[in-house]
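Observations on the model geometry
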Amino acid sequence: MPQILQSFNRPNDWPNEAEIDLNIHDLPHSSSTIEWWYLNCHIKANNEKEYSVFASFFRKLIKYDEQTKEFIYAHSITWAIIDATDKIYYHNSVIDKKAPEIGLTRLIKGEITKDKRLKNAAIEMLEKGVVPYPDRLFEGDVTVSLDSLDLQFDTNSFRKLPNNNYELKLFDREHKVSCDLIFEPQKPVIKHGDDGMVLGASAEDMYYYFIPQNKVTGVLEIEDKKIEVVTATGWYDHEFGRHREEDKNNQVHIAKNIAWNWISSQLNNGYEITAYNIIDLNTKESCGSNLIIVDPKGNRLQVEEFKLKPVGESWTSTRTFNDYPLKWTLEAPSVGLYLEAEAAFPEQEFA
């Protein structure tokens, strides 16, 4: 059941009901308390192996500066290169230098854990200015341009080129893994949700658009070996928004106990499909869902009745003891859709 957000007044820097202008809306939004840019792609390489890449650049409000009248943000990035052939997962989670300070504040307020022993151990670690592995702190600077799409998060960057292609560069110095990729849009931008409006994973009002088909070119580098992209297709998402009840004097919001299931798929018949379902873990009911189908010509179809559900056995992590479904089905009988999605291999946890 898709959520209806008609009563929400869109901030002035959101798209109106007309078409999205990517020259404006690819850029950071000054009204947003949370925003991210997300990409994934699937690659056939010159070594006859298959790889996947994903990256998410995040910025999140941490406080409002009363003197400058500006939002102050923290930044983070999660990304991975997946060797689907040899079943190897190279992943990175790099977070803001202010993360220990932010974590201490949340711990002291009791927002993270009520367990006294865990709380004390975490406080002791964060007071030393470190974070638990596999997270790492940015060593270099983070810069976010406000008049162009140009994100530089330490050794990782995402920017829009003058020819309207997108450039993604990722580099993990410790594990000698990197990529340098160009995303060239092949289809028009598509609105997700109800005319772009969706419910965020922490009950935010969000705006969400995506480019479902991009030609991807470039190189990967793994342990000093350069790998050329032969063919690849990519996906680009951008989402931004804020809590409806949030104001300048009350930035803290306790997230609901919810789960967010999401899928994107590029089919070999020229269609793309994306769906999500937000589940209240207390009631097991849906808080909002949407299925969007894009045909080979770039036309958008929104489907209200569908099921996205896990099937079969799950994989249990030996690190966190979390269970992860390995196979999902997506069904929409009204349009004759039945899709199965299965993990290339189990060990792809992002702890």
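A brief look at the structure comes next.

Cut-offs and rules
Residues numbered from 1 in each chain as written. Predicted model: local features only at pLDDT ≥ 70, side-chain atom pairs only at ≥ 80, totals over all residues. Heavy atoms only, no water. Pairing = 2+ DSSP bridges. Helix = DSSP H or I, 4+ residues; strand = E, 2+ residues; numbered from the N terminus. Phe/Tyr/Trp six-rings, centres within 6.5 Å; stacked < 30°, edge-to-face > 60°. Buried < 20%, exposed > 50% of the residue type's maximum accessible area, 1.4 Å probe, protein only. Lys NZ or Arg CZ within 6 Å of the ring centre and 35° of its normal.

1. As for the pairing of strand S10 (residues 177–185)
- Of the strand pairs in this sheet, strand S9 (residues 166–172) and S10 are connected by 7 bridges, and their pairing is antiparallel. By the bridge assignment, Glu 167 is partnered in S10 with Ile 182.
- The turn joining S9 and S10, which pair antiparallel and follow one another in sequence, is formed by 4 residues; a positive phi near 55° is taken by Lys 176.
- Two elements, S10 and strand S13 (residues 205–222), share 9 bridges in a ladder whose sense is antiparallel. Counterpart to Val 177 in the pairing with S13 is Ile 222.

2. Brief notes about the packing of aromatic side chains
- In the structure shown here, the tally under the stated rule is 19 aromatic pairs.
- Judged by centre distance (4.7 Å) and plane angle (45°), the ring pair of Tyr 166 and Tyr 236 falls under tilted. Residue Tyr 166 is located in strand S9, and its partner Tyr 236 is located in strand S14 (residues 225–242); the two are separated by 70 residues in the primary sequence. Pair check on accessibility: Tyr 166 and Tyr 236 agree, each one buried.
- Aromatic rings pair up to connect Phe 57, Phe 138, Phe 153, Phe 158, Tyr 166, Tyr 209 and Tyr 236 into one cluster.
- A cation over a ring is seen here: Arg 59 above Tyr 73, with NZ or CZ 3.8 Å from the ring centre.

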